[in-house]
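Listed here are the chains, written in short residue letters.
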Amino acid sequence: MATRTPLARLFTVLLAGVLAGLVLAVAALPGNLLLGFTARAAFGSYEALPDALRTPATPQRSYLYANDGRTLLTTFYDVNRTDVPLADIAPVMREAIVAAEDRRFYDHGGVDLRGLARALVANVSDGETAQGGSTLTMQYVRNVLKTDPGRTAEERAAATEQTVGRKLQEIRYANALEQRLGKDEVLNRYLNIAYFGSGAYGIAAASQRYFAKAPADLTLAEAALLAGLVQSPEAYSPIDGDADAALVRRAYVLDAMVATGAITADQAAAAKAEKLALRPTAQPNGCTAMAGGHDDWGFFCDYLRQWWLTQPAFGETVEEREQALRRGGYTVVTSLDPQIQATAQKQATSVYGYGNKRALPIAAVEPGTGRVLAMAVNRHYSLAPNPDGQTNHPNTVNPLISGGGSVAGYQAGSTFKLFTMLAALEAGKPLSTGFDAPSRLPTRYAADGDGACDGRWCPANANPEWMDGYRMMWDGFGRSVNTYFVWLAEQVGPEKVVEMAQRLGITFRADADAAFAANDAENWGAFTLGVASTTPLDLANAYATVAAEGTYCAPLPVVSVTASDGSTVPVEPSCKRVLDADVARAATDAARCPVGQQSPFGQCNGGTATAVNRILDGRPVAGKTGSSEGNATETFVGFTPQVAVAGIAANPDDATDAVGGPVQARVIEAVARVIATAVKGEPERAFAAPSPELVGDPRRPVERPEPDDRRPRRDPAEDPLENFRRWLDRRG
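Residues numbered from 1 in each chain as written. Predicted model: local features only at pLDDT ≥ 70, side-chain atom pairs only at ≥ 80, totals over all residues. Heavy atoms only, no water.

### Some thoughts on the nonpolar core
Ranked by size, the top nonpolar core spans 110 residues in total, and within it W308, F419 and M421 carry the most contacts. Ranked by the residues each element gives to this core, the list is headed by helix 24 (residues 536-547), at eight residues. What M421 contacts, discounting residues up to four positions off in sequence, is L431, M473, F477, F485, L488, A587 and A590. V84, A99, A176 and Y190 belong to the second-largest nonpolar core, a separate cluster that totals 64 residues. (Core = buried A, V, L, I, M, F, W, Y, C linked by side-chain atoms within 4.5 Å. Buried < 20%, exposed > 50% of the residue type's maximum accessible area, 1.4 Å probe, protein only. Helix = DSSP H or I, 4+ residues; strand = E, 2+ residues; numbered from the N terminus. Contact = heavy atoms within 4.5 Å.)

Encoded structure:
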């Protein structure tokens with residue numbers, strides 16, 4: 001809140017005194033004489049009002065395009081706001097809003113001198129600028145001016161400034177409006193523009209949003225609840241806010257209606273006794289009406305909308321940002337790539353059909369910008385009902401790919417070993433850090449049950465014959481050796497591994513995960529095995545950070561945003577360095593092993609996703625598989641310097657429903673084919689080799705595969721392995 005100047009404070013005091021004097025002078029006048037008094041003392045003329053107040057502006061649509069700037073995804077407009085005549089609004093609703101917001105509405109000429117003076121005196125004593133005392137007409141003026149798409153952002157912001165000047169302007173406009181408009185017209189306009197929370201603008205939208213009915217059919221209890229929301233829509237909303245607070249506010253409105261004589265005390269008591277009987281219907285917005293019937297684009301659209309609502313560039317509050325998207329006439333070029341999206345959708349539905357209870361959400365991200373290129377899953381983004389017993393399929397609007405709301409994510413298994421490797425490399429441990437990995441590893445973490453050895457957590461390798469033995473980071477990562485990485489996490493400290501994951505954008509949406517990370521990370525030994533829930537978008541973006549050699553960029557769903565006046569709204573990528581480039585290069589070097597490629601240092605000797613090399617035709621690629629306990633989920637993340645893609649096979653509604661190990665091969669292929677589409681036609685880019693300091697001394701007998709004759713051979717002078725051998729020789 002802006003600090004007032006001494007002059008402003010003095011003016012507030014004087015204004016309060018003048019208005020208080022006026023109140024004393026006219027307090028004894030009957031209501032009709034008081035109304036005439038205020039009308040004759042008008043502050044301005046109707047003709048001098050802004051156009052938006054005389055003729056409410058028609059909101060402009062916002063258009064969303066794919067990243068080519070031509071493919072229309074959808075338009076956003078105020079589909080959830082339908083003007084209705086006062087006759088189509090239940091009388092109890094009209095009475096409730098008057099009782100809740102302006103009990104003297106029918107007794108003043110747009111400005112309630114008594115209420116305003118009382119509010120001004122109270123505010124002066126509190127040391128604040130003139131606030132409160134607003135009539136319905138004054139609120140209507142404020143709503144129109146702060147949402148008028150024909151005004152500049154500065155002008156819209158000025159409509160809610162907490163200053164004496166703004167209050168005086170509001171008074172003048174309200175008084176002028178009521179000289180020309182009747183009370184019913186003012187009330188009707190107010191009810192059609194007021195925000196009732198949960199995305200509902202106007203009484204028609206609010207009636208549908210909360211009770212799935214027309215405003216003419218609202219009951220007393222329902223009307224009182226809706227009227228109570230206007231004062232603080234987000235806080236009181238029983239859907240998105242606090243249901244108990246909404247009921248307290250409803251009771252207040254009912255008591256106010258008794259005070260105005262609209263209802264009896266018995267009617268109020270009966271309405272208070274009614275339970276909250278909501279029938280919420282989701283707001284029908286642009287994301288459920290994608291162009292060309294592309295309901296697969298809806299998940300990306302919803303992610304963009306959620307991102308938009310967090311951006312201060314589009315308004316100070318969530319309400320203002322929502323209104324800007326629906327009314328502001330923006331042209332938004334999104335980051336969605338139609339070709340990559342089409343491949344991702346095809347691959348997701350090839351693994352599981354739309355009607356399958358299991359899902360394969362896939363996300364693709366551009367390293368170095370964070371731009372989200374695709375978000376696909378075998379679900380229809382739709383509000384259509386599902387068959388009995390099918391909570392989330394085939395239709396859902398839940399954010400299965402990005403997480404949020406009730407979706408905390410899914411365990412991603414050994415893909416989290418990347419964070420352990422990065423923490424170890426950052427701590428100075430080279431890729432050649434060796435350990436004779438046993439089949440089972442007793443740790444320092446207390447545990448009981450099947451996974452315990454003498455009261456300690458004792459993780460095991462999934463395939464001892466293939467995993468046990470002396471391992472370094474290359475083959476430990478390539479073969480996904482549990483005991484090697486649990487040991488490595490112990491060496492650097494699990495809390496460093498958790499912090500590394502968070503640094504790369506892993507968000508703990510599950511309460512238990514967030515509590516463990518905040519309070520007991522040093523004992524979270526199992527974290528390296530991917531027991532925390534994550535999402536394909538978070539995971540793809542974390543690996544994209546490594547692909548970008550340590551530069552983290554917040555996920556970004558847009559390329560550009562242009563306002564209705566042609567001005568550009570700044571929406572540049574938000575990036576920062578979170579890893580030393582050499583650390584990222586070293587991790588990438590080891591991540592070549594799982595996908596069937598060879599590190600420049602020749603230390604890869606087996607991988608869990610070797611089909612990727614074939615699908616990418618030998619193009620430089622890296623990645624990691626992940627299987628959670630009992631194969632409940634199966635994950636693969638792959639990346640090149642141009643794109644990172646993650647897919648997680650899971651049952652979003654039942655974490656105990658194991659997808660099974662056999663699906664892993666199909667998940668790997670699905671992700672690899674999305675990568676192939678993303679890099680098609682792009683120049684092939686090699687990964688940079690790490691420095692000798694982070695390689696260490698890997699000299700040991702290793703079984704190396706034959707060189708791939710399809711790849712161009714390097715000049716010996718440019719061969720990282722040959723250069724590394726020379727470096728070792730120089731060190732003796």
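Here the narrative resumes.
### Observations concerning helix 16 (residues 318-327)
The buried count for helix 16 comes to nine of 10 residues, which makes it a mostly enclosed element. Along helix 16, the residues classified as buried are E319, E320, R321, E322, Q323, A324, L325, R326 and R327. At its buried positions, helix 16 is contacted by strand 1 (62-65), strand 2 (72-76), helix 6 (136-147) and helix 15 (298-308). Directly after helix 16, the chain includes G329, whose backbone phi takes a positive value near 70 degrees.

### Some points on the sheet that holds strand 19 (residues 634-639)
If you trace the five strands from one edge of the open sheet to the other, you get 5-4-20-19-18, paired in antiparallel fashion. If you trace the sheet from one side to the other, it starts and ends with strand 5 (372-376) and strand 18 (622-627), each paired once. Each neighbouring strand pair of the sheet contributes to a mean axis angle of 5 degrees, computed without reference to strand direction. Note: strand 18 against strand 19, six bridges, orientation antiparallel. Each bridged residue has a counterpart across the sheet, and for K624 the counterpart in strand 19 is V637. The strands that helix 24 touches are strand 4 (362-365), strand 5, strand 18, strand 19 and strand 20 (644-649); relative to strand 20, the one it contacts most, it runs at about 150 degrees. (Pairing = 2+ DSSP bridges. Axes fitted to C-alpha atoms, helices over the stretch in contact; angles between N-to-C directions.)

### Examining the sheet that holds strand 1
Judged by pairing direction, the sheet is mixed, and its five strands sit side by side in the order 2-1-3-15-16 without closing on themselves. The open sheet has two free edges, formed respectively by strand 2 and strand 16 (568-569), since each of these has just one partner strand. The pairing of strand 15 (residues 558-562) with strand 16 spans two bridges and is classified as antiparallel. For T562, the partnering residue across the bridge sits in strand 16 and is T568. Sheet strands in contact with helix 15 are strand 1, strand 2, strand 3 (331-334) and strand 15, and its direction is about 120 degrees off that of strand 3.

### Focus on the packing of aromatic side chains
Aromatic ring pairs are described here by two measures, namely the spacing of the ring centres and the angle between the planes. In the structure shown here, the tally under the stated rule is 22 aromatic pairs. Centroid distance W524 to F527: 4.9 Å. Interplanar angle 55 degrees. Geometry classified as tilted. Each member of the pair W524 and F527 is classed as buried. When the centroid spacing of 5.8 Å and the interplanar angle of 75 degrees are considered together, the rings of F639 and F687 count as edge-to-face. Placement of the pair is F639 in strand 19 and F687 in the loop between helix 27 (664-679) and helix 28 (692-695), with a sequence separation of 48 residues. The same class applies to F639 and to F687, which are both buried. Clustering of aromatic rings is evident, with ring pairs tying together F416, F419, F508, F516, W524 and F527. Stacked on the ring of F477, the Lys or Arg K624 has its end atom at 5.6 Å from the ring centre. (Phe/Tyr/Trp six-rings, centres within 6.5 Å; stacked < 30°, edge-to-face > 60°. Lys NZ or Arg CZ within 6 Å of the ring centre and 35° of its normal.)

### Focus: the confidence of the model for the protein
Caution applies to low-pLDDT regions: their predicted coordinates should not be interpreted in detail. Per-residue confidence for the protein averages 86 on the pLDDT scale, and 85% of its residues sit at or above 70. A low-confidence stretch, residues 1-16 (pLDDT under 50), is modelled with 20 contacts involving residues beyond four sequence positions or located in other chains. Below pLDDT 50 for its whole length, residues 18-42 participates in 30 contacts with residues either more than four positions away or in separate chains. (pLDDT = per-residue confidence, 0-100.)

### Some points on the pattern of salt bridges
Tallied over the entire structure, the rule returns 17 salt bridges. A salt bridge links K183 to E178; its shortest N-O distance comes to 2.8 Å. K183 gets classed as buried once you look at its relative accessible area, which sits at 16%. The partner of E549 in a salt bridge is R585, and the shortest N-O contact between them spans 2.9 Å. Of this pair, E549 sits in the loop between helix 24 and strand 14 (551-553) while R585 sits in helix 25 (residues 581-591), and the two are 36 residues apart along the sequence. (Salt bridge = Lys/Arg side-chain N within 4 Å of Asp/Glu carboxyl O.)

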